[in-house]
Amino acid sequence: MKTPKKKILLNGMMGSGKSTVGRLLKEVLGWRFVDTDAEIEKRAGKPISRIFAEEGEPAFRNLELKEARRLAGCFNCVVATGGGMFTQPEALQVLAENSLVVHLAARPETLARRLAAAEDRPLLENVQKRERLEEIYKKRQKIYESLPVQIDTENRSPEQVVQAILRRFFSGQEPELIFDRLGEVYSGLNSFEHLPVLIRKMTPVRKIAVLADDVLWPLVKKDFERLFEEEWERLPLVIPAGEGYKSPEQAESLWTQLKDFGADRYTPFIAVGGGVVGDLGGFVAATYMRGIPLIQIPTTLLGQVDSGLGGKTAINYQGVKNLIGSFYHAALTLLDPLFLLTLPKAEVQSGLSEMLKAGILAEPELVDFMEANTSELQQGHLPALEWAVGRAARVKLQIVAEDPRERKGKRIFLNLGHTFAHAIESVSAYGIRHGEAVAIGLILAAKLGESLGKTEPGLSQKLQAILLRLGLPTEPPAGKTEEMLQVMQSDKKKKGKRIQFVIPVKIGEPRVVELEDLGIVRKILE
């Protein structure tokens, strides 16, 4: 992760979220966080309210200037400044060098609502907060509006604000081309920002269709409008979120909208989102005019390391999942970990099992990295995620490139842990996340291999320790053994009466075993 900036400065009115956003930035970047108000209180030995009461505002501003000078050389720092610090030009001047200077903006009524219970704001004591906030803002307005980066915090969660800041912070970072055998795949923080440039290399057409669900679209709409300005014709295709909309009816609706838009065989079709959007979007792109350029932008960790790669597209039909589909590889895929910032922690966490699976299959260095960086990965540390996503994606892509249509058999290795995982999902009525089920499945696959005498002894314990430190489950549901065995009898990769299991012989060496008698499987489930 290379950046030209040494620090990020956050400025704005009280209540704009500087401290909250600053702490989140610290967490995802692994940088130091400094709250200048807290530092001043620590050095003065008393709260800011007492400094104002006993010494007056000019004395406090002088302390702010001293603090700015101390922080001028801070490297890899996120600094939340006092809202009035930059009323002193020297404070801004000494801090701004090699920094991304950000103004967090919000309306006075929003600030007043956020500060309704605040009792530690000396400038708001004994006054009507909204009126006082409006008065303070007017005095500082020119300063705030002059700051280089303006981030509107209205109707945005702190995580969304962090994402917007980091899109600006990494704006100069080039994505890495990690694979180009079945279409180009780029990975890297803020690779999404390079989408218009990459599309221009693909096609002369200046029109795009963008598919997203109604949960994600409000979060990315402004980004698409900013990246694709007036010279581009845009067709937003927004579908309801949920597996039930991966249907023939939805596909037909999208075909119709593409036709009415005048989309031709050179019109890029962009699928941005999770598994439903990727599957449905891929199917529509594969079938409209016998195939139009598909761009996949998976926004979940599971999608970036597994499900968003490989060219499988499908819709559900008559109650059967993925019954109708095709292999259709995206012309362009972007893997941008910044999308992960707005996901629930549990959603990101569950994707780590598929990342570990990739390492077990063919990348021992990735397993070692995950073992050494479990805390960073669990907390969403971006440098760690950026490196690991690229490595895990390469494993999947290399296996797919050798068996692109699932005919030669090697692609079955990607099923490591999944025979167990699918059974776990089924008996839990899908109350267990897919990634959590895969985590359990990886342990069971290793235990099966050990029981058969084919897996390196102790491997299941090693993997279990990693997964537990990643916060993932490792034990199958209690009392569900017979139900799980029954589900396995219907596994789609079954060969006659024999069920295929992928086991790890050792890290970097998977193998397929076929079992007709599941007695040994029953023992490891019990």
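One can find the structure itself at the top, above this paragraph.
Here we summarise the structure given alongside this text. Predicted model, so just to flag it, every value in this text is computed and none were measured.

The rules behind these values
Residues numbered from 1 in each chain as written. Predicted model: local features only at pLDDT ≥ 70, side-chain atom pairs only at ≥ 80, totals over all residues. Heavy atoms only, no water. Helix = DSSP H or I, 4+ residues; strand = E, 2+ residues; numbered from the N terminus. Rg over C-alpha atoms; globule rule 2.2 N^0.38 Å. Buried < 20%, exposed > 50% of the residue type's maximum accessible area, 1.4 Å probe, protein only. Contact = heavy atoms within 4.5 Å. 1 Å grid on protein atoms, 1.4 Å probe; cavity = no way out; pocket = protein on both sides within 12 Å on 5 of 7 lines; lining within 4 Å. Points joined across faces, edges and corners; volume = space filled by probe spheres on them. Nonpolar A, V, L, I, M, F, W, Y, C, P; charged D, E, K, R; others polar. Pairing = 2+ DSSP bridges. Axes fitted to C-alpha atoms, helices over the stretch in contact; angles between N-to-C directions. Salt bridge = Lys/Arg side-chain N within 4 Å of Asp/Glu carboxyl O. Parallel < 35°, antiparallel > 145°, perpendicular 65-115°, else oblique. Left-handed = near helix turned anticlockwise from the far one by under 90°. Phe/Tyr/Trp six-rings, centres within 6.5 Å; stacked < 30°, edge-to-face > 60°. Lys NZ or Arg CZ within 6 Å of the ring centre and 35° of its normal. Disulfide = S-S within 2.5 Å. Patch = residues over 30% accessible without salt bridge, like charges linked within 9 Å, V, L, I, M, F, W, Y side chains within 5 Å. Areas by Shrake-Rupley, 256 points an atom, 1.4 Å probe, with all protein chains shown as cover.

Concerning the overall build of the chain
- Helices and strands together make up the secondary structure of the chain, namely 22 helices and 16 strands.
- Expected size for 526 residues packed as a compact globule is a radius of gyration near 24 Å; at 26 Å, the chain falls within 12% of this value.
- Overall size of the chain, expressed as C-alpha extent along the three principal axes, is 85 × 55 × 40 Å.
- The buried share among the 526 residues of the chain stands at 54%.
- Partitioning the intrachain contacts of the chain with sequence separation of at least 6 by distance along the chain shows that 73% fall at a separation of at least 24.

Details of empty space enclosed by the protein
- This model, assessed by the stated rule, comprises one cavity of 30 Å³ or more.
- As a volume, the largest cavity reaches approximately 260 Å³.
- Lining the largest cavity are 28 residues; nearest its centre among them are Gln296, Gly308, Leu309, Gly310 and Gly311.
- Counting residues per element, the ones that place at least two in the lining of the largest cavity are strand 10 (269–273), helix 12 (275–287), strand 11 (294–298), helix 13 (301–307) and helix 17 (382–402).
- Each residue belonging to the lining of the largest cavity can be placed in one class, and the counts come to 12 nonpolar, 14 polar and two charged.

Details of the sheet that holds strand 10
- Within the open sheet, the seven strands sit side by side as 6-7-14-11-10-8-9. Their pairing is mixed. Pairing within the sheet leaves two strands with one partner each, and these edge strands are strand 6 (176–179) and strand 9 (233–239). In this sheet, adjacent strand axes meet at a mean angle of 20° when their direction is disregarded.
- Lying over the sheet, helix 17 contacts strand 6, strand 7 (184–187) and strand 14 (332–335), oriented at roughly 35° with respect to strand 6.

Remarks on the pattern of salt bridges
- In the structure shown here, the tally under the stated rule is 35 salt bridges.
- The shortest N-O distance in the salt bridge between Glu243 and Lys246 comes to 3.2 Å.
- Given the relative accessible area of 32%, Glu243 is considered partly exposed.
- Through salt bridges with shared partners, one network takes in Glu39, Lys42, Arg43, Glu67 and Arg70.

Considerations on the packing of helix 15 (residues 364–372) against helix 17
- Contact geometry for helix 15 and helix 17: axes closest at 10 Å, N-to-C directions at 155°. Taken together, helix 15 and helix 17 sit at an angle that is classed as roughly antiparallel. As for how helix 15 packs across helix 17, the hand of that crossing is left-handed. From helix 15, Glu365, Leu366 and Phe369 reach across to helix 17, where they touch Ala384, Trp387, Ala388, Arg391 and Ala392.

Focus: the packing of aromatic side chains
- Scanning the model with the defined rule gives 12 aromatic pairs in all.
- Summarising the aromatic geometry, the rings of Phe192 and Phe339 are spaced 5.3 Å apart at their centres and angled 65° between planes, so their arrangement reads as edge-to-face. Of the two residues, Phe192 is situated in the loop between strand 7 and helix 9 (195–202) and Phe339 in the loop between strand 14 and helix 14 (345–362); the sequence distance between them amounts to 147 residues.
- Judged by relative accessible area, Phe192 falls into the buried class, the value being 0%.
- With a relative accessible area of 4%, Phe339 lands in the buried category.
- A network of ring pairs unites the aromatic residues Phe192, Trp217, Phe224, Phe228, Trp232 and Phe339 as a single cluster.
- Taking the ring centre of Phe261 as reference, the NZ or CZ of Lys207 above it sits at 4.6 Å.

Points about the packing of helix 11 (residues 248–261) against helix 12
- At their nearest, the axes of helix 11 and helix 12 sit 10 Å apart, and the two run at 50° to each other. Of the possible angle classes, the one that applies to helix 11 and helix 12 is oblique. The way helix 11 lies across helix 12 gives a crossing that is right-handed. Two secondary-structure elements touch here, helix 11 through Gln250, Ala251, Leu254, Trp255 and Leu258 and helix 12 through Leu280, Phe283, Val284 and Thr287.

A look at the state of the cysteines
- According to the stated counting rule, one finds one disulfide in the structure shown.
- There is a disulfide in this structure between Cys74 and Cys77, and the S-S distance comes to 1.5 Å. What sets the handedness of the Cys74 and Cys77 disulfide is the S-S torsion sign, and at about -55° it is left-handed. Like Cys77, Cys74 is buried.

Considerations on a nonpolar patch on the surface
- Together, Tyr317, Val320, Leu323 and Ile324 make up an exposed nonpolar region whose accessible area comes to about 320 Å².
- Considering each element in turn, the nonpolar patch owes the most residues, three residues, to strand 13 (residues 320–327).
- Position of Val320 among the secondary structure elements: in strand 13.
- Relative accessible area serves as the criterion here: at 39%, Val320 is assigned to the partly exposed category.

What to know about the sheet that holds strand 5 (residues 149–152)
- A sheet is described by the order of its strands in space; here five strands give the open sequence 2-3-1-4-5, paired in parallel fashion. If you trace the sheet from one side to the other, it starts and ends with strand 2 (32–35) and strand 5, each paired once. With direction set aside, neighbouring strand axes in the sheet form an average angle of 20°.
- In this structure, strand 1 (residues 7–11) lies alongside strand 4 (residues 99–105), joined through five bridges in parallel fashion. Following the sheet pairing, Lys7 is matched in strand 4 by Ser99.

These figures capture arrangement, not role.
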